[in-house]
Amino acid sequence: MAKPKIAFYWCASCGGCEEAIVDLAEQILPVVEAVDIVFWPCAMDFKTRDIEQMANGSIAVAFINGAVRTSEQEHMAKLMRQKSGLVVAFGSCAGLGGIPALANLTSRKKIFEASYHDCPSVFNPDGVEPKTEVVVDGHKLTLPTFYETVYKLDDVITVDYYLPGCPPTTDIIVNAINAILEGKLPPKGAVLSPDKSLCSSCKLNDTKPDQVCIGPIKRIIDIIADPEKCFLTQGLICMGPATRDGCGALCIQGNMPCTGCFGPTDSCRDQGGKMISSLGGILEGEDRDSLQKATKGLVDPSGTFYRYSMSASLLGSARKEGE
Amino acid sequence: MTVMQKKSLLFLCKCGANISNFVDLDRIADWASKAGHIDLAESHNLLCSPDGKKFFQETLKQKKPDTVVVAACSPKMHEKTFQELAESVDVNMSYIQMANIREHCAWVTQDKNEATIKSIELINAAAKRSFEAEPLKKMTMAVNTDMVVIGGGIAGIEAALSAAKADRKVYLVEKEISLGGAVIKTEDIAPSMECSPCLLAPRLSAVRNNPNITVITNAEVNEVKGFYGNFTVKIHKKARYVEESCIGCESCFEVCPVDVKSAFHLNMGTEKAVYTLFPGSVPAAAAIHKESCLHFVDNSCNACMEACPFGSINFNQKDEDIEVTAGAIIIATGFAAGDIAGIKNLKYGAIENVYTTSEFERMVCSNGPSKGELKLKNGEKPEKIAVIHCAGSMREDGLPYCSGICCVEAAKVGMLVRKQLPDVQIVNIYQELVFPNPRDFSFYKQQCEAGTHFLKSDNISSVLLSEEKERIRITALGIDPVEVDLVVLSTGLQPSESAKKLAEILNIDLEKDGFFKADHALLHATGASLDGIYIVGCAKGPVNVSDAVVTAHAAIGDALSKLVPGREIELEIMTACIDPDKCGGCKLCITVCPYKAISNNADKHISFVNEVICRGCGTCVAQCPSGAAKAKHFTDNQIYAEIGGLIYA
Ligand SMILES: Cc1cc2nc3c(=O)[nH]c(=O)nc-3n(C[C@H](O)[C@H](O)[C@H](O)COP(=O)(O)OP(=O)(O)OC[C@H]3O[C@@H](n4cnc5c(N)ncnc54)[C@H](O)[C@@H]3O)c2cc1C
Ligand code: SF4
Ligand code: SF4
Ligand code: SF4
Ligand code: SF4
């Protein structure tokens, strides 16, 4: 029997998800043994036409990481969808928008202004900006369109499974691949990680009292965190309560509060909103003044609560004038 | 597989002309017939009339709809009516959804077109929401008719006795080692000048002998869950190291080598390390001051144990946590004497022979530290005594209010003094006099006639005490300086130390001044801000003994009228529930539940709701960051469906 064909593709991402596959180290060998990797532009030399020439549905699984920010990414996602039996959104950006989606708080215009004009390290005396089409020496050159909004993968194609994480951990990647190879997959649409919050497996949860009341919110740079005490009770924003379990509490073990990369659980529609709502109930202070004091240290609410899930949030993006 | 489109049966009520004149019901009917997910029942002129109700029931029986939308008035008016009608014909109440096309549409605009469009949107939202409903189950439980009384002063004692008389079980919780409160520390009760111990003794023995009353002393309430008719109260009872078999014979007092400053005597006398508050206390058993007792300090003494004829001393006694259930809780925690330490002019604590009224009363009590004898620090008898009214009251750096009962106490001083030293001169210095009823006023008149001299100052806050050749000199605006041997400061009454903590435990409100807040100052003055909790005696504000007892009786009367044996209370139907497969056990919901209905199962690392206690407020649902806590009948699915229905009508 022919080995199942597997493809990897990256959209708007940092490359960490690709790294995560390389990080499988020797665990990748049995995978490579069992499958046929037919497309992996980051690691091997494939061209788009290689995919275009394949029969529809002939790829068993496509792992796509990264959010969708350009027309090319959308085009490729659709192409992969057409050629693949299963599509797995790999990592937080594909699943929820990830870090790139924080750009939804600003506009394309402002991004261009910053990147091509205002940034102190930019030297651009002619004020050149990327264009979708330009003629050079009579030759037409094109670039993909840079979208106003960053989308998660399932905004542009149907996604069968989700592997959460920034990036997904070795364990959940290996489990997912095994489940695929053995055909032991849950119903479509599932996130391939436990559907409980991180506190359920965090060893610090036992140090959290029944009555949680946190004083002024602090950032990790403000204090030396006690590695033996629930971070939330130390006044640090730990996204653990609003974040899906499955990472093995890696950050917590590294004395860092959870930043939420595994995204929300199934029953939660808006990870950031849920955490904000929850904080409201445990912050010290009753009146405006004391609450303002308590939240003074919260310098970047969107980056704190929606670091990975802006595209999946109820608001999705900031309101943009003239759009 | 084809999924059958669910259909909602729509009832349109004209509400006479109230709705039909302002909303185009024909247009709604037309929309409904085309909508696909709505089945239309005939519109009715008055759906809540007997005829309308019958029509509603019959139509339900006949059509057996998936869900029902009643487009009529506010759910506050008739949601319950239609839910109950539905239940009576075996349609679960959860499938009945109101669309408020009267208050929200017909009554808010003259524009019939707008009103009609909004009605359609609301009906569509209601229908979409109804499709997401899950059946609800009614739950009831028998009301608990027992009562917990917190505080064993005169108010608490009278409350307990009244309730016990009606055959109710009463748990009387007192933080001291025996009952009696402030009254037992006084000699006579003005204005009738009844002897306090004589008044209390029979009441105390009535408590002791009443099988319905369980007295729990040296104890404090530390957790309360539940609501009217259904409270669970946790009581922490500290060890006293003396068993109940002790009859208070005092044999051990004689042998105990340790003297301890007596809090009961307001630190003006001593008691032994094994002590009772006063002879004949209830309970009779003594207690041991663990911090001072040599057995505990260095294991060098067992004298009391050897002396006790009943073998009642038990050094190994442990603190106990007791849990009781009750239908009502009566707070009778009384007051604390106004704190005047911060008011420098009065020289309290700095000059000898300056006492507060509480201390003075203790001094002249026959069970007091000097067995009632009034004398100066040097052992001599005083010749002249001054009483300063409103000491520390009606001023921002003290108590900003008038306690209303201290003028009687202040006037009583002269009477108590004359009882043993008839020739002593008494002068009361005041700015305001408050004798708010005929009996108090005639008491005042009597004191004037008996020789108490009342001097009015222009400003009582200006009173300044100084030492003057072994006497005390008092100056104040508007009076000539006075020199006396002894000064009594008539302090006000402030909330008891535990009021704030207790308010938090019970989740009830306090007044700005710190006393417990009444549910309604006029109509329900002994009710606290939560149903089933009562405030009596000085817990609700400064009162005299008579009013303390009146409020106690009033509260118990009200409680008895509600906690009728056999009466059922309906439990909240729309409670929260936590999905054990989804709960991450983060415990954040426990923090916010105002009714303490949630506990954590540490073994399973999950939290769970006690549905008998949950009131369905939904706070935990908003709190739960993982979405594991759900509010029955207010699920995300229902709410999103409703919003969707509104937007896409
Ligand atoms: C100096 C003085 C003289 C007075 N003279 C008169 C007078 O002549 N005539 C008159 O009518 N009134 C007089 N009063 C007022 C009278 O003392 C009160 O009206 C009366 O004591 C009120 O009774 P109570 O039961 O409400 O409160 P209290 O007598 O204060 O009793 C409250 C009880 O609750 C207990 N308690 C407190 N907190 C807790 C807790 N958390 N848990 C369990 N138990 C608790 C306390 O230990 C105490 O036993 C006088 C008051 C003072 C201070
Ligand atoms: S809040 Fe964070 S640190 Fe605390 S128990 Fe949850 S995951 Fe662990
Ligand atoms: S054992 Fe303690 S209480 Fe008993 S007599 Fe000795 S010192 Fe007093
Ligand atoms: S809904 Fe939640 S917060 Fe409210 S009473 Fe019930 S368990 Fe407590
Ligand atoms: S807040 Fe939610 S996840 Fe956390 S313990 Fe409560 S129900 Fe469980």
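The notes below deal with the structure included here.

Conventions we followed
- By convention here, each chain's residues receive numbers from 1 onward along its written sequence.
- Numbering of ligands from 1 and lettering of chains from A proceed in the order in which they are written.
- Since the coordinates come from a predicted model, pLDDT governs what is reported: local features require at least 70, and pairs of side-chain atoms require 80 or more to be given and counted, while whole-chain, interface and lining totals use all residues.
- Values reported for side chains reflect all heavy atoms of the structure, with hydrogen atoms and water molecules removed beforehand.
- Nearness is defined per residue: one heavy atom within 4 Å of the molecule or strand is enough.
- A 3.5 Å cut-off defines polar contacts: any pair of N or O atoms within that distance qualifies, except that in protein one atom must be a possible hydrogen donor and the other a possible acceptor, and neighbouring residues in sequence count only when both atoms are side-chain atoms.
- Shrake-Rupley sampling with a 1.4 Å probe provides the accessible areas, and residues are treated as covered by the protein chains on show and by no other component.
- In this description a helix means any DSSP run of H or I spanning at least four residues, a strand means any run of E spanning at least two, and both kinds are numbered starting from the N terminus.
- Three categories are distinguished: nonpolar for Ala, Val, Leu, Ile, Met, Phe, Trp, Tyr, Cys and Pro, charged for Asp, Glu, Lys and Arg, and polar for the others, with Gly belonging to the last.
- As annotated, the domain borders come from an automatic or database domain assignment.
- The contact criterion used is simple: two residues touch if any of their non-hydrogen atoms lie within 4.5 Å.
- The quantity reported as buried area is the accessible area (1.4 Å probe) lost by two parts once they are put together, taken as the sum for both.
- The salt bridge criterion pairs a side-chain nitrogen of Lys or Arg with a carboxyl oxygen of Asp or Glu, the two atoms within 4 Å.
- Within the patch definition used here, like charges are joined within 9 Å and nonpolar side chains (Val, Leu, Ile, Met, Phe, Trp, Tyr) within 5 Å, considering only residues with over 30% relative accessible area and no salt bridge.
- What makes a nonpolar core is a set of buried Ala, Val, Leu, Ile, Met, Phe, Trp, Tyr and Cys residues whose side-chain atoms join them at distances within 4.5 Å.
- We call a residue buried when its accessible area falls under 20% of the maximum for its residue type, exposed when it is over 50%, and partly exposed in between, using a 1.4 Å probe and counting protein chains only.
- Following DSSP output, two strands are said to pair if at least two bridges run between them.
- Only the stretch in contact is used when a helix axis is fitted, and all axes are lines through C-alpha atoms; the angle between N-to-C directions ranges over 0 to 180 degrees.

### Focus: the site of ligand 1
All names here are of chain B. Inspection of the region around ligand 1 gives 34 residues, with Glu174, Ala182, Lys412, Val543 and Val545 positioned closest. A distance of 2.5 Å is found between an oxygen atom of ligand 1 and a side-chain nitrogen or oxygen belonging to Glu174. Contact distances for ligand 1 include 3.1 Å between a nitrogen atom and a backbone N or O atom of Lys175. Expressed as a share of its isolated accessible area of 990 Å², the protein-covered part of ligand 1 is 94%. Broken down by secondary-structure element, the contributors of at least two residues to the shell around ligand 1 are helix H7 (154–165), strand S8 (188–189), strand S11 (219–227), helix H12 (357–364) and helix H13 (406–420). Class assignment of the residues belonging to the shell around ligand 1 gives a composition of 15 nonpolar, 11 polar and 8 charged. Looking at which domains feed residues into the shell around ligand 1, each of domain 2 (147–238 + 319–334 + 496–562) and domain 4 (338–494) supplies at least three.

### Brief notes about the interface of chain A and chain B
In this complex, chain A contributes 26 residues to the contact, which on the side of chain B involves 25 residues. Interface of chain A and chain B: buried area, both sides summed, is about 2100 Å²; carbon and sulfur atoms make up 44% of it. At the junction of chain A with chain B, the criterion picks out 1 salt bridge. Notably, a salt bridge pairs Lys582 of chain B with Asp195 of chain A, separated by 3.1 Å at the nearest N-O pair. Here chain A is connected to chain B by 16 residue pairs in polar contact (both at pLDDT 80 or more). When the residues that make up the side of chain A that touches chain B are grouped by side-chain class, the tally is 9 nonpolar, 9 polar and 8 charged.

### Points about a nonpolar patch on the surface
A cluster of nonpolar side chains, Phe634, Ile639, Ile643, Leu646, Ile647 and Tyr648 of chain B, forms an exposed patch at the surface whose accessible area comes to about 620 Å². You can see Ile643 of chain B is positioned in helix H19 (residues 636–647).

### Describing the site of ligand 2
As a matter of local geometry, ligand 2 sits amid Leu198, Cys199, Cys202, Asn205, Lys208, Cys230, Phe231, Leu232, Cys238, Gly240, Pro241 and Ile252 of chain A. Of the residues that constitute the shell around ligand 2, the class distribution is 9 nonpolar, 2 polar and 1 charged.

### Section: the nonpolar core
Phe63, Leu163, Ile252 and Phe305 of chain A are the most contacted members of the largest nonpolar core, which totals 65 residues. Residue assignment for this core shows that the elements contributing at least two residues are strand S1 (5–10), helix H1 (16–22), helix H2 (28–34), strand S3 (59–65), strand S5 (84–90), strand S9 (161–163), helix H7 (170–182) and helix H9 (271–282) of chain A. When residues of this core are assigned to their parent elements, the largest contribution, 6 residues, is made by H7 of chain A. Taken domain by domain, the makeup of this core includes at least three residues from each of domain 1 (5–99 + 148–182) and domain 3 (198–312) of chain A. If we skip the residues at most four places from it in the chain, Ile252 of chain A touches Leu198, Cys202, Leu204, Phe231, Cys238, Pro257 and Cys258 of chain A. By size, the runner-up hydrophobic cluster in this structure holds 49 residues, among which are Ala155, Val170, Tyr228 and Tyr275 of chain B.

### Considerations on the sheet that holds strand S27 (residues 486–491) of chain B
All names here are of chain B. With parallel pairing, 5 strands are arranged side by side in an open sheet as S20-S27-S21-S22-S23. At either margin of the open sheet sits one strand with a lone partner, and together these are strand S20 (354–356) and strand S23 (453–456). Within the sheet, the average angular offset between the axes of one strand and its neighbour, ignoring direction, is 25°. Strand direction decides the pairing type here: S20 and S27, joined by 3 bridges, are parallel. Residue pairing across strands places Tyr355 opposite Val488, the latter belonging to S27. Its contacts with the sheet place H12 against S20 and S27, and it is angled at close to 95° to S20.

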